[in-house]
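Overview (structure and organization)
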Amino acid sequence: MNLNRRDFLKITGASAAGAAILGLGLDLKPIKSHAQTLKIRYAKETTSICCYCAVGCGMICSTGEAGAGKIINIEGDPDHPVNEGALCSKGASMSQLVNNDARITAPMYRAPNSTKWQKVSWDWALWTIAKRIKKSRDASFEQKNAKGQVVNRTNGIASVGSAALDNEECWLIQGLMRSLGLVYIEHQARI
Amino acid sequence: MTNHWIDIQNSDCILIMGSNAAENHPISFKWVTEAMKRGGKLISVDPRFTRTSSKADFYAALRSGTDIAFLGGMIKHILDDDKYFKEYVAEYTNASFIVADSYDFKDGLFSGYDPKKKKYDKSKWAFVKDEKGISKRDLTLQDPRCVFQLLKKQYIRYDLDTVSAVTGTPKEDLQTVYEMYSATGQQGKAGTIMYAMGWTQHTVGVQNIRSMAIIQLLLGNMGVAGGGVNALRGESNVQGSTDHCLLFHILPGYLKTPSASLPTLTDYNNKFTPKTNDPLSANWWGNYPKYSVSLLKSYFGDKATKANDFGYSWLPKLEDGKTYSWLDIFDVMYKGEFTGFFAWGQNPAASGANANKTRQALTKLDWMVNVNLFDNETGSFWKGPGMDPKKIKTEVFMLPCATSVEKEGSITNSGRWMQWRYKAANPPGEALPDGQILMRLGKAVQHLYKKDQNAVFPDPILNLKWDYSTHGEFDPHKMAKEINGYFLKDMTIKGVNYKKGDLVPSFAFLQADGSTSSGNWLYCNSYTSKGNMSARRVREKSGIGLNLGWAWCWPVNRRIIYNRASVDKYGKPWDKEHPVIAWDPNAKDGKGSWVGDVPDGGWPPMLNADGTPNPKTKYPFIMKPEGHAHVFGPGLADGPFPEHYEPIECPVEKNLFSSQLVNPVAPTYDTKMDIYRSCDPKYPFVGTTYRVSEHWQTGVMTRWQPWLLEAEPQLFVEMSKELGKLKGINNGDKVIVESARGKVEAVAVVTIRLRPFQIGGNTVHQIGLPWHYGWVHPKNGGDSANLLTPSTGDPNTRIPETKAFMVNVRKV
């Protein structure tokens with residue numbers, strides 16, 4: 001029988017988690033063994049790809065409460081052909097990126113000349129931004145250039161980002177910005 | 001990457017130069033180590049002895065900004081010692097092409113230079129054509145005007161003495177690297193290059209890479225397993241975001257952004273569709289109109305019709321000859337010409353060159369939208385060092401987004417693998433996936449334009465197809481399918497019936513008449529009737545590591561591009577042990593077929609089994625109009641051959657190769673915040689920037705994690721023991737690093753990893769520092785190293801020169 005580590009864990013199952021760990025030659029303290037049991041027994045596992053560099057390492061996210069709760073662990077995916085379970089220091093710390101008290105959890109607004117942020121609603125933020133876009137675009141829109149050539153562009157708004165977004169989101173950004181007439185569209189690949 | 005991560009294991013010699021892969025792409029080393037276990041050699045070339053160097057069979061130091069001198073010496077070595085792969089060079093590259101008499105090179109300048117415009121007239125660098133309009137070739141490579149002979153002439157000056165005096169690399173080290181690497185010119189041997197920003201972030205960035213591409217072509221290392229030119233890309237989806245062209249000069253799939261001089265779609269397609277008279281050249285870009293029309297159909301859906309040029313006039317047009325790049329954006333913003341700005345998942349106040357200029361530029365805006373996970377130096381610029389919020393008018397909207405595990409979608413790794421990710425949890429609080437923010441914002445803007453009778457040119461906004469939601473939520477599957485593309489009417493192609501609404505199986509089926517859509521032709525084949533190809537999880541059991549059943553790779557799942565150069569003219573692999581593809585003459589009932597990787601086109605090999613030419617074949621480099629790889633590159637802004645020039649800020653008064661000190665076409669800027677200083681005693685040391693394993697980019701996604709911050713808590717600057725002694729600086733001292741543009745405080749790391757260079761008889765010191773820090777968090781962790789770097793860059797790409805600049809360092 002040809003088993004990889006993941007199959008091994010699947011077969012030995014939750015009740016034999018301690019034995020599985022011993023079988024891997026690790027000397028884990030009882031508290032850690034308990035954490036391992038919890039993950040396997042109650043968590044939902046979801047595959048992902050690391051959000052840092054472009055090696056594209058596979059990850060397994062374990063989400064508590066059968067997938068409805070918080071992410072309780074992120075580790076390398078042993079089945080992934082590129083990283084075969086390994087992660088670097090950043091990838092291995094990814095659960096601290098997700099579960100982090102410093103994250104922004106509501107839209108924030110800073111008024112002109114103000115010294116502080118204020119919390120605002122999504123509706124207010126997005127409608128206000130839409131109005132700002134329209135005002136800037138319409139005021140700066142150039143249908144013809146100095147030579148009389150049709151250019152249909154705005155020189156008043158620029159956009160940067162982002163290589164941190166998914167492909168589908170990148171397509172949306174460039175589609176939206178080009179429909180507005182932006183020519184100043186750039187992102188991380190330029191720097 | 002032309003190849004991919006796992007393929008590194010097949011290499012006989014790995015050169016890591018312009019990158020510190022062990023530190024910054026740590027898992028890549030799994031495959032470097034595997035190659036070494038199999039007998040492969042590792043060479044590290046870097047100004048600093050890095051974690052990569054510590055694993056290498058051989059390490060050589062060079063001064064930042066002298067890579068072309070180093071590699072030019074290698075080209076000379078390969079030619080002088082007959083190390084090149086003759087058949088490959090003659091048959092598959094343009095080494096045999098005859099160059100027009102108008103081409104010349106004198107004392108650092110190519111012909112066609114206009115000193116007033118700081119531009120070349122590239123028409124001077126053309127090939128000579130025969131009466132049929134096909135480029136003339138001399139397959140013996142003896143004609144004095146053939147590329148091969150011009151290459152020899154170009155690098156005759158790059159002898160060991162001169163190269164060593166420029167780079168600071170000892171002659172014997174140069175010799176060792178040249179011999180180790182050029183041994184891969186033997187048939188069946190493969191050498192690879194792993195490079196990153198250490199090569200791109202220079203005023204000669206593109207030509208650094210061109211130098212290596214020429215070496216790879218001379219040694220027959222392109223298209224083969226364990227070979228290629230491999231850019232190690234630094235962001236999880238920077239490959240995908242580049243493919244989808246969040247860049248001013250290109251539209252999705254590397255189509256060109258239209259310009260003012262091209263008023264109609266026909267003008268546009270004619271301009272960018274290359275032509276060839278050579279029946280043996282596939283000239284793949286000849287399909288350009290199919291891709292551009294299919295893209296317009298994705299942008300504007302049913303509103304794009306033949307009668308309205310598929311909405312071509314709705315696309316914004318660039319001014320001909322003007323650039324709109326990153327450096328230009330912050331220059332224009334600094335001059336107060338923008339009112340609005342989006343910084344989406346990006347922190348320009350810390351990430352771009354000359355960060356002080358960027359930060360000042362942000363104060364000139366009326367409004368800014370910053371979408372991020374955490375507070376950062378861009379969103380909060382108005383309360384940063386030296387800012388008085390009460391005097392800053394900019395309105396800022398900071399929008400919270402989801403992390404990668406709180407949404408679904410795909411990303412594309414450096415090896416061009418598109419991989420699907422699933423949602424594992426909900427984002428915290430009110431945070432939303434970026435896709436959802438974009439959909440809602442787009443709808444709001446469309447609504448405002450719909451209800452305003454006097455809106456300025458609302459057509460492109462109202463006609464934008466914006467239907468990528470399901471039950472009010474952004475649906476990445478809908479978008480991924482549109483990127484792949486649909487048949488828009490019932491049609492029969494090659495005897496197969498397709499219905500309106502079917503997904504297009506691959507880009508070979510796309511049409512120029514509006515009957516297909518495709519948001520990005522390169523991704524056509526990624527989401528088909530067989531399903532979401534990027535979600536596949538079948539691992540290869542044996543073979544060279546292609547993993548054709550794992551995820552999906554552009555183009556058309558081809559894992560090693562240019563792979564038709566990995567075989568001889570009969571279709572037999574040069575390397576029998578690591579075949580990428582091979583021609584099986586018995587397959588398909590004796591018609592023959594390629595086996596292995598998805599070939600670069602299915603055409604048969606150049607020769608039949610009996611040695612007669614096969615008229616149905618195509619040359620292997622199918623993306624070039626001539627079908628041959630470019631040893632001579634006539635399309636670049638700064639010359640068809642790489643030539644050493646000093647960085648814009650450099651420690652020497654003379655370039656030992658010519659009287660051109662710096663790249664004659666490199667861009668510079670002219671605001672009062674654009675200051676450049678060479679050979680200024682106030683800034684006597686070469687500076688460079690780099691990264692550490694524990695942080696990422698500007699640190700927004702790593703500075704907030706306790707584990708990572710504990711490992712790398714603050715900005716440091718590395719310097720040699722000799723420099724430490726000279727400046728009275730000890731390990732652990734607080735120091736100021738200063739350039740003509742800005743300064744940062746850092747902790748000194750006095751180390752033997754950096755050593756002084758002997759440059760033309762003088763001692764030159766170099767320092768280096770990571771650029772991951774910023775004033776927002778952690779407190780007293782230091783600020784961005786980009787406060788030091790200059791606004792200048794490569795003339796082709798405008799990537800800033802942040803890897804070589806001049807600084808001073810002193811004790812606080």
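Everything numeric here is computed off the predicted structure, so don't read it as measured data. (Residues numbered from 1 in each chain as written. Chains lettered and ligands numbered in written order. Predicted model: local features only at pLDDT ≥ 70, side-chain atom pairs only at ≥ 80, totals over all residues. Heavy atoms only, no water.)

Topic: the overall build of chain A
So the rule is basically this: Runs of H or I in DSSP of at least four residues are treated as helices and runs of E of at least two as strands, each being numbered from the N terminus. The rule is simple: take the accessible area with a 1.4 Å probe, protein chains only, and divide by the maximum for that residue type; under 20% is buried, over 50% is exposed, in between is partly exposed. Note on contacts: a residue pair qualifies if any of its non-hydrogen atoms lie within 4.5 Å across the two residues.
A tally of regular secondary structure across chain A gives seven helices and eight strands. Looking at chain A residue by residue over its 191 residues, the buried ones come to 58%. For chain A, long-range pairs separated by at least 24 residues make up 34% of all intrachain contacts whose partners lie at least 6 apart in sequence.

Things to note about the pattern of salt bridges
Quick note on the threshold: Put simply, a salt bridge is a Lys or Arg side-chain nitrogen that is within 4 Å of an Asp or Glu carboxyl oxygen.
The final tally for this structure, using the stated rule, is 47 salt bridges over all chains. We note a salt bridge from A:Asp138 to A:Lys134, for which the minimum N-O separation is 3.1 Å. Here A:Lys134 and A:Asp138 lie together in helix α6 (residues 122-140), a separation of four residues that amounts to about one turn. Comparing A:Asp138 with A:Lys134 shows no difference in burial state: the two are buried. Its salt-bridge partner being B:Lys465, residue B:Glu482 comes within 2.9 Å of it at the nearest N-O pair. On the criterion of sequence distance, the pair formed by B:Glu482 in helix α19 (residues 476-484) and B:Lys465 in the loop between α18 (459-463) and β17 (469-470) is long-range, its members being 17 residues apart. For B:Glu482, a relative accessible area of 3% puts it in the buried group. Through salt bridges that share partners, B:Asp331, B:Lys335, B:Lys357, B:Asp670 and B:Asp674 make up one connected network.

Here's the deal with the sheet that holds strand β2 (residues 41-45) of chain B
Strand pairs in the sheet, formed through backbone hydrogen bonds, run parallel or antiparallel to each other. Residues and elements named next belong to chain B. To keep things clear, this is the line we draw: The rule for pairing is simple: two strands pair if DSSP sees at least two bridges between them. Angles here are taken between N-to-C directions and fall from 0 to 180 degrees, while the axes themselves are lines fitted to C-alpha atoms, restricted in helices to the stretch in contact.
With respect to topology, five strands assemble into an open sheet ordered β3-β2-β1-β8-β9, the strand pairing being parallel. Single-partner strands in this sheet number two, and they are β3 (58-60) and β9 (229-231). If you compare each strand with its neighbour and ignore which way they point, the axes differ by 20 degrees on average. With five bridges joining them, strand β1 (residues 13-17) and β2 adopt parallel strand pairing. Across the sheet, residue Ile-14 finds its bridge partner in β2, namely Leu-42. The strands that helix α10 (residues 205-218) touches are β1, β8 (191-195) and β9; relative to β8, the one it contacts most, it runs at about 170 degrees.

Quick word on the interface of chain B and chain A
How big an interface is tends to be expressed through the accessible area that disappears when the partners come together. This is how it is decided: The term buried area means the drop in 1.4 Å probe accessible area that two parts suffer when joined, counted for both and summed. Polar contacts, as used here, are pairs of N or O atoms within 3.5 Å; protein pairs need one atom able to donate a hydrogen and one able to accept it. Residues neighboring in sequence count only if both atoms are side-chain atoms. We call Asp, Glu, Lys and Arg charged. Ala, Val, Leu, Ile, Met, Phe, Trp, Tyr, Cys and Pro are nonpolar, and the rest, Gly among them, are polar.
Of the residues lining the interface, 158 residues belong to chain B; the matching set on chain A comes to 115 residues. Surface buried jointly by chain B and chain A totals about 12,400 Å² across both partners, of which 63% is contributed by carbon and sulfur atoms. Considering only the surface of chain B that becomes buried against chain A, B:Ile27, B:Leu246 and B:Phe342 emerge as the three largest contributors, covering 6% of it. Linking chain B with chain A are twelve salt bridges. The salt bridge involving A:Glu84 is made with B:Arg539; its shortest N-O contact spans 2.7 Å. At the boundary of chain B with chain A, the tally comes to 83 residue pairs in polar contact (both at pLDDT 80 or more). If one sorts the elements of the side of chain B that touches chain A by residue count, helix α17 (residues 434-451) of chain B sits on top with 13 residues. Its residues placed into classes, the side of chain B that touches chain A shows 87 nonpolar, 45 polar and 26 charged. The sheet contact formed by strand β4 (residues 108-110) of chain A and strand β14 (residues 395-400) of chain B spans three bridges and is antiparallel. Paired with A:Met108 across the strands is B:Met398, a residue of β14(B).

So, the state of the cysteines
As a reminder, the rule being used: When the sulfur atoms of two cysteines come within 2.5 Å, that pair is taken as a disulfide.
With the rule as written, the count across this model stands at zero disulfides over all chains. No disulfide involves B:Cys650; its sulfur sits 5.2 Å from that of B:Cys679, the nearest cysteine.

With respect to the sheet that holds strand β15 (residues 409-412) of chain B
Sheet architecture is open: three strands sit in the order β15-β16-β23 (chain B), paired in antiparallel fashion. Single-partner strands in this sheet number two, and they are β15 and β23 (552-553) of chain B. Taken together, the four bridges between β15(B) and strand β16 (residues 417-421) of chain B define a ladder with antiparallel strand orientation. Bridge pairing links B:Ser410 to B:Trp420 in β16(B). The strands touched by helix α7 (residues 167-180) of chain A within the sheet are β15 and β16 of chain B, with β15(B) carrying the most contacts at an inclination of about 90 degrees.

Regarding helix α16 (residues 355-362) of chain B
All names here are of chain B. In terms of burial, α16 is a largely internal element, six of the eight residues being buried. Within the sequence span of α16, burial applies to Ala-355, Lys-357, Thr-358, Arg-359, Ala-361 and Leu-362. Elements in contact with the buried residues of α16: α14 (326-334), β12 (340-344), α15 (348-351) and β13 (367-372).

Digging into unusual backbone geometry
A:Ser162 follows A:Gly161 through a cis peptide bond whose omega is 0 degrees. A cis amide bond links B:Trp554 to the next residue, B:Pro555, at an omega of -10 degrees. Take B:Pro555: it is sitting in the loop between β23 and β24 (581-584). For B:Val556, which is not a glycine, the phi torsion comes out positive at approximately 40 degrees. Here B:Val556 shows up in the loop between β23 and β24.

So, the side chain of B:His644
Looking at the element boundaries, B:His644 is found in the loop between β25 (593-596) and β26 (685-690). For B:His644, a relative accessible area of 1% gives the class buried.

Notes on the pairing of β8(B)
Residue and element names in this part refer to chain B. Within β8, five of the five residues are buried, which leaves it mostly tucked inside the rest of the structure. Both faces of β8 are covered, namely the face carrying Gly-191, Ile-193 and Tyr-195 and the face carrying Thr-192 and Met-194. Both β1 and β8 contribute to a ladder of four bridges, which runs parallel. Looking at β8, one finds that Ile-16 is bridged to Met-194. Relative to β9, β8 runs parallel, the two sharing three bridges. Within the sheet, the bridge partner assigned to Tyr-195 lies in β9 and is Ala-231.

Points about the environment of A:Trp127
Structurally, A:Trp127 can be placed in helix α6. Residue classification places A:Trp127 among the partly exposed residues on the basis of a relative accessible area of 35%. In this structure, A:Trp127 is in contact with B:Ala444, B:His447 and B:Leu448, ignoring residues within four places of it in sequence.

What about the packing of aromatic side chains?
Pairs of aromatic rings are described using the distance from one ring centre to the other and the angle between the two planes. All names here are of chain B. Going by this rule: Stacked, tilted and edge-to-face are the three classes applied to pairs of Phe, Tyr and Trp rings, where Trp contributes its six-membered ring and a pair requires centres within 6.5 Å; stacked means planes under 30 degrees apart, edge-to-face means over 60, and tilted covers the rest. Any Lys NZ or Arg CZ that is within 6 Å of a ring centre and within 35 degrees of that ring's normal is treated as a charge sitting over the ring.
Summed over the entire model, instances satisfying the criterion amount to 57 aromatic pairs over all chains. Taking the centre distance of 5.9 Å and the plane angle of 45 degrees together, the rings of Trp-285 and Tyr-288 count as tilted. Residue Trp-285 is classed as buried on the basis of its relative accessible area of 18%. Looking at Tyr-288, the relative accessible area reads 2%, which means it is buried. A centroid spacing of 5.6 Å and a plane angle of 85 degrees characterise the contact between Phe-342 and Trp-367, whose relative ring orientation is edge-to-face. Taken together, the positions of Phe-342 in strand β12 and Trp-367 in strand β13 put the pair 25 residues apart, joining distant regions of the chain. Residue classification places Trp-367 among the buried residues on the basis of a relative accessible area of 2%. If you follow Arg-559 out to its NZ or CZ, it ends over the ring of Trp-417, 5.1 Å from the centre.

A word on the environment of A:His80
Relative to the helices and strands, A:His80 resides in the loop between β3 (71-76) and α4 (89-92). Of the residues examined, A:His80 reaches a relative accessible area of 1% and is grouped as buried. A C-alpha to C-alpha distance of 9.6 Å links A:His80 and A:Ile49, two positions 31 residues apart in sequence. If sequence neighbours within four positions are ignored, A:His80 has contacts with A:Ile49, A:Gly56, A:Gly58, B:Trp417, B:Gln419, B:Arg539 and B:Trp550.

Observations concerning the confidence of the model for chain B
Applicable threshold: Confidence of the predictor in every single residue is expressed as pLDDT, which spans 0 to 100.
Scored by pLDDT, chain B comes out at a mean of 98, with 100% of its residues at no less than 70. Reported confidences for the modelled complex are a pTM of 0.95 and an ipTM of 0.97.

Quick notes on the packing of α6(A) against α17(B)
Stated precisely, the cut-off is as follows: Oblique is the label for every angle not falling under 35 degrees (roughly parallel), over 145 degrees (roughly antiparallel), or within 65 to 115 degrees (roughly perpendicular). By the definition used in this description, the sense in which the near helix is turned from the far one sets the handedness, with an anticlockwise turn below a right angle giving left-handed and a clockwise turn giving right-handed.
It is the contact of α6(A) with α17(B), at a shortest axis distance of 9 Å, that shows an interaxial angle of 55 degrees. Here α6(A) is positioned oblique relative to α17(B), judged by the angle of their axes. Both α6(A) and α17(B) take part in a crossing whose hand is right-handed. Touching A:Trp122, A:Asp123, A:Leu126, A:Trp127, A:Ile129, A:Ala130, A:Lys131, A:Ile133, A:Lys134, A:Arg137 and A:Asp138 of α6(A) are B:Ile437, B:Arg440, B:Leu441, B:Ala444, B:Val445, B:His447, B:Leu448 and B:Tyr449, all from α17(B). Residue composition of the contact of α6(A) with α17(B), by class: twelve nonpolar, one polar and six charged.

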